[in-house]
Amino acid sequence: PPEYSALRPYLAQSSGFQSHQYRCIEFAMGNKNAAMLKPHAHNPQRLVVVQAAFEAPSLYDEALRLLARRGIAVPQSHTDRDWTQPYEASDAVEQAWLQVYRNPKDHWDLYQLGEELTDLEDTFRLWRFRHVTTVERVIGFKRGTGGTGGVSYLRKMLDVVLFPEIWRLRTSL
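Residue positions are counted from 1 within each chain, in the order its sequence is given. In keeping with the predicted nature of the model, local features appear solely for residues at pLDDT of at least 70, side-chain atom pairs appear and are counted solely at 80 or more, and the whole-chain, interface and lining totals rest on all residues. For side-chain calculations, the full set of non-hydrogen atoms in the structure is used, while hydrogens and water are omitted.

Asker: Mind showing me how you'd approach the side chain of Glu121 here?
Answerer: With respect to the helices and strands, Glu121 occurs in helix H7 (residues 108-139). For this analysis, a polar contact is any N or O atom pair within 3.5 Å, provided that within protein one partner can donate a hydrogen and the other can accept it, and provided that sequence-adjacent residues contribute only side-chain to side-chain pairs. Engagement of the side chain of Glu121 in a polar contact is seen with the backbone nitrogen of Phe163, the distance being 2.9 Å. Setting aside chain neighbours within four positions, we find Glu121 in contact with Val160, Val161, Leu162, Phe163 and Trp167. Under the scheme used here, helices are H or I runs from DSSP no shorter than 4 residues and strands are E runs no shorter than 2 residues, and both carry numbers assigned from the N terminus. Here, two residues are considered to be in contact whenever any of their heavy atoms come within 4.5 Å of each other.

If you want it as structure tokens, here you go:
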């Protein structure tokens, strides 16, 4: 912590928010927030890349579109939507996944997709937890260099669920 505290003033406003690669990962995972484009406005080339990721369907959006192409009833509101908006969980989408999970022999690849998405989110949650723990260990409860509350902001991110219906369906199995 003392070494990082000595270095931190030189970072100025630098933060993870300024990593265009990380922002593209968050957008691909479905965590869409237009405010996260602003840190990249100063670099037009990077902004184009981040903007494209923001406007593209997320990995989960593509998974739902695949379910629909395979004849699983997924509401059009979830297969043809404004990809820049945060994803909203749906009981109908949960029912679609339940159809897959209740009959994995007939939908093996879709079942495996659901489990791979679960593994991905599980790993992402662990990374977020380790990140907030490291930040708290190193800087305590100081404000984040990017202007957030630091640890308080990162703890809120622990509650972000990227593939909600895949997690919820387990209660119904």
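Asker: I'm lost on the pattern of salt bridges in this one. Help?
Answerer: Any two side chains of opposite charge can pair, given that their charged atoms come close. For salt bridges, the criterion is a side-chain nitrogen of Lys or Arg within 4 Å of an Asp or Glu carboxyl oxygen. If you walk through the whole model with that rule in mind, you get nine salt bridges. Among the ionic pairs, Arg170 bridges to Glu115, the shortest N-O distance being 2.8 Å. Within this pair, whereas Arg170 is found in helix H9 (residues 164-172), its partner Glu115 is found in helix H7, the two being separated by 55 residues in sequence. Under the relative-accessibility criterion, Arg170 is labelled partly exposed at 31%. Ionic pairing is found between Arg155 and Glu136, a salt bridge with its closest N-O pair at 2.7 Å. Here Arg155, found in helix H8 (residues 151-157), pairs with Glu136, found in helix H7; they are 19 residues apart in sequence, far enough to count as distant. With a relative accessible area of 28%, Glu136 lands in the partly exposed category. One salt-bridge network, in which partners are shared between bridges, spans Asp91, Glu94 and Arg168. Working definition: with a 1.4 Å probe on protein chains only, accessible area under 20% of the residue-type maximum means buried, over 50% means exposed, and in between means partly exposed.

Asker: Just to check I follow, could you spell out helix H4 (residues 59-69) for this structure?
Answerer: Residues spaced three or four apart along an α-helix point in a common direction, a consequence of the helix completing one turn every 3.6 residues. All buried positions along H4 are accounted for by Tyr60, Asp61, Ala63, Leu64 and Leu67. All buried residues of H4 lie within an arc of 160° about the axis, which places them on one face of the element. Those residues of H4 that are buried lie in contact with helix H5 (76-79), helix H6 (91-102), H7 and H9. The positive-phi residue at the C-terminal boundary of H4 is Gly71, with phi of around 90°. Within this analysis, the arc is defined by the directions that extend from the helix axis to the C-beta atoms.

Asker: What is the right way to read empty space enclosed by the protein from this model?
Answerer: To find leftover empty space, a probe the size of one water molecule is rolled over the atoms. Grid points spaced at 1 Å and placed over the protein atoms alone form the basis of the search, with a cavity being a set where a 1.4 Å probe fits but cannot get out and a pocket an open set showing protein on both sides within 12 Å along at least five of seven lines. Lining residues have an atom within 4 Å of a point. Grid points are joined across faces, edges and corners, and a volume is the space filled by probe spheres set on the points. Within the structure shown, the criterion is met by one cavity of 30 Å³ or more. Here the largest cavity is characterised by a volume of approximately 50 Å³. What lines the largest cavity is Met29, Gly30, Lys32, Ser58, Tyr60, Asp61, Arg81, Trp83, Tyr87 and Leu162. When grouped by side-chain class, the residues that make up the lining of the largest cavity number five nonpolar, two polar and three charged. Residues are grouped as follows: Ala, Val, Leu, Ile, Met, Phe, Trp, Tyr, Cys and Pro are nonpolar; Asp, Glu, Lys and Arg are charged; every other residue, Gly included, is polar.

Asker: Mind showing me how you'd approach the nonpolar core here?
Answerer: The tendency in soluble globular proteins is for nonpolar side chains to be buried as a group. To define a nonpolar core, start from buried Ala, Val, Leu, Ile, Met, Phe, Trp, Tyr and Cys residues and group those joined through side-chain atoms within 4.5 Å. Core analysis: the largest hydrophobic core is formed by 21 residues, its most contacted members being Tyr60, Leu67 and Trp97. Mapped onto this core, the elements with two or more residues apiece are H4, H6, H7 and H9. In terms of residue count, H6 provides more of this core than any other element does, six residues in total. Non-local contacts of Leu67, meaning those with residues more than four positions away in its chain, are made with Ile72, Val74, Ala96, Trp97, Val100 and Leu110. Ranked by size, the runner-up nonpolar core spans seven residues in total, among them Phe27, Met36, Ala53 and Phe54.

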